[in-house]
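Residue strings, one per chain:
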Amino acid sequence: MPPEADIASNLNRVRDRIAEAAIRAGRDAASVTLLAVSKTFPAAAVREAAHAGQRHFAENRVQEGLDKTSTLADLNLDWHLIGHLQSNKARKAASAFAWIHAVDSVELVQKLDTAAQDAGTQPNILVQVDLAHEATKFGADAALAGDIARAVVSARSLRLRGLMIVPPIPEDPEASRTWFRRLRELRDDLVTSGIARDALAHLSMGMSQDFEVAIEEGATMVRVGTAIFGHR
Ligand SMILES: *Cc1c(COP(=O)(O)O)cnc(C)c1O
């Protein structure tokens, strides 16, 4: 785990870069939420980042996330699940994560809704879209995103908040721009098709390598791990 001073200064550097990208794009930096991706790093690293003012953290595995949320319950952090979610873990996910980013089927929406009703929670949901069709990636086809989003809107205990994408790992950050732009355009199409703009306000896109490009293309949530915590 990197020393405390490194995490704090890495966070400051990332925040500065977010602010600069927002200025370039003519956006308010406050419209971009930084998610610190803490997967594989210990709870102590999260605690250091929290002491440096970071509130939102993201994990990609349910069990690892549960361990950290319970160890760090005293900090009252906002936890995001950003990894693929299997239906049989919906129950745990709905009770531990305020935000679930990788929802990619109507079946999963129904499982999560039942789980959230039982747990008495109202998780915020983002629909993960797969635009590049890589064999190894999860996410729904763009053509199905509307059906999944409408299922979330109809669910009793879920709140639709937006779309999420994990594009191919870029050779250079500019290579991601087309995927980010297409996710924004898909969102705009879904709004035109009748889904409330508020329910699709969030675009979760951009990682350590390409978060500035994502902000230029409209990201409201960037998921940054390596640039804050170091290499995994
Ligand atoms: C690990 C992960 C990230 C963060 O990646 P970095 O390159 O370390 O910033 C972002 N999003 C998802 C879905 C991840 O699994």
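Below is a summary of the structure that appears in this document. None of these values were measured; they are calculated from a predicted model. (Residues numbered from 1 in each chain as written. Predicted model: local features only at pLDDT ≥ 70, side-chain atom pairs only at ≥ 80, totals over all residues. Heavy atoms only, no water.)

## Some details on the nonpolar core
Link 1 in the chain: Membership of the largest hydrophobic core comes to 71 residues, with the highest contact counts inside it found for Phe57, Ile100, Leu112, Leu163, Val222, Ile228 and Phe229.
Link 2 in the chain: Apart from the residues lying within four places of it in its own chain, the contact partners of leucine 163 are Leu126, Val127, Val129, Leu183, Leu186, Arg187, Leu190, Leu200, His202, Leu203 and Ser204.
Link 3 in the chain: Membership of the second largest hydrophobic core comes to eight residues, among which are Leu35, Ile82, Trp99 and Met164. (Core = buried A, V, L, I, M, F, W, Y, C linked by side-chain atoms within 4.5 Å. Buried < 20%, exposed > 50% of the residue type's maximum accessible area, 1.4 Å probe, protein only. Contact = heavy atoms within 4.5 Å.)

## As for the side chain of aspartate 104
Link 1 in the chain: Tracing the sequence through the fold places aspartate 104 in the loop between β4 (99-103) and α5 (106-119).
Link 2 in the chain: One buried charged residue, aspartate 104, forms no salt bridge at all, with the nearest opposite charge on lysine 111 at 12 Å.
Link 3 in the chain: A distance of 3.1 Å separates a polar atom in the side chain of aspartate 104 from the backbone nitrogen of glycine 139.
Link 4 in the chain: Residue contacts for aspartate 104: discarding those within four places in its chain leaves His84, Gln128, Phe138, Gly139, Ala140 and Ile148. (Helix = DSSP H or I, 4+ residues; strand = E, 2+ residues; numbered from the N terminus. Lys, Arg positive; Asp, Glu negative; His and termini not counted. Salt bridge = Lys/Arg side-chain N within 4 Å of Asp/Glu carboxyl O. Polar contact = N/O pair within 3.5 Å; in protein donor to acceptor, adjacent residues only side chain to side chain.)

## Let's talk about helix α3 (residues 62-71)
Link 1 in the chain: Buried within α3 are the following residues: Val62, Gly65, Leu66, Lys68 and Thr69.
Link 2 in the chain: In this structure, the buried side of α3 is in contact with α2 (43-51), β2 (56-59), β3 (78-81) and α4 (90-96).

## Let's talk about the site of the ligand
Link 1 in the chain: Every residue lining the ligand is accounted for by Val37, Lys39, Ile82, Val166, Met207, Ser208, Arg223, Val224, Gly225, Thr226 and Arg232.
Link 2 in the chain: A distance of 2.6 Å separates an oxygen atom of the ligand from a polar side-chain atom of threonine 226.
Link 3 in the chain: Within the side chain of arginine 232, an N or O atom sits 2.8 Å from an oxygen atom of the ligand.
Link 4 in the chain: In isolation the ligand has 390 Å² of accessible area, and contact with the protein removes 90% of it.
Link 5 in the chain: Of the pockets mapped on this structure, the ligand occupies the largest pocket.
Link 6 in the chain: Of the residues belonging to the shell around the ligand, the class tally is five nonpolar, three polar and three charged. (Near = heavy atom within 4 Å. Areas by Shrake-Rupley, 256 points an atom, 1.4 Å probe, with all protein chains shown as cover. 1 Å grid on protein atoms, 1.4 Å probe; cavity = no way out; pocket = protein on both sides within 12 Å on 5 of 7 lines; lining within 4 Å. Sits in = over half its atoms within 2 Å of the grid points. Nonpolar A, V, L, I, M, F, W, Y, C, P; charged D, E, K, R; others polar.)

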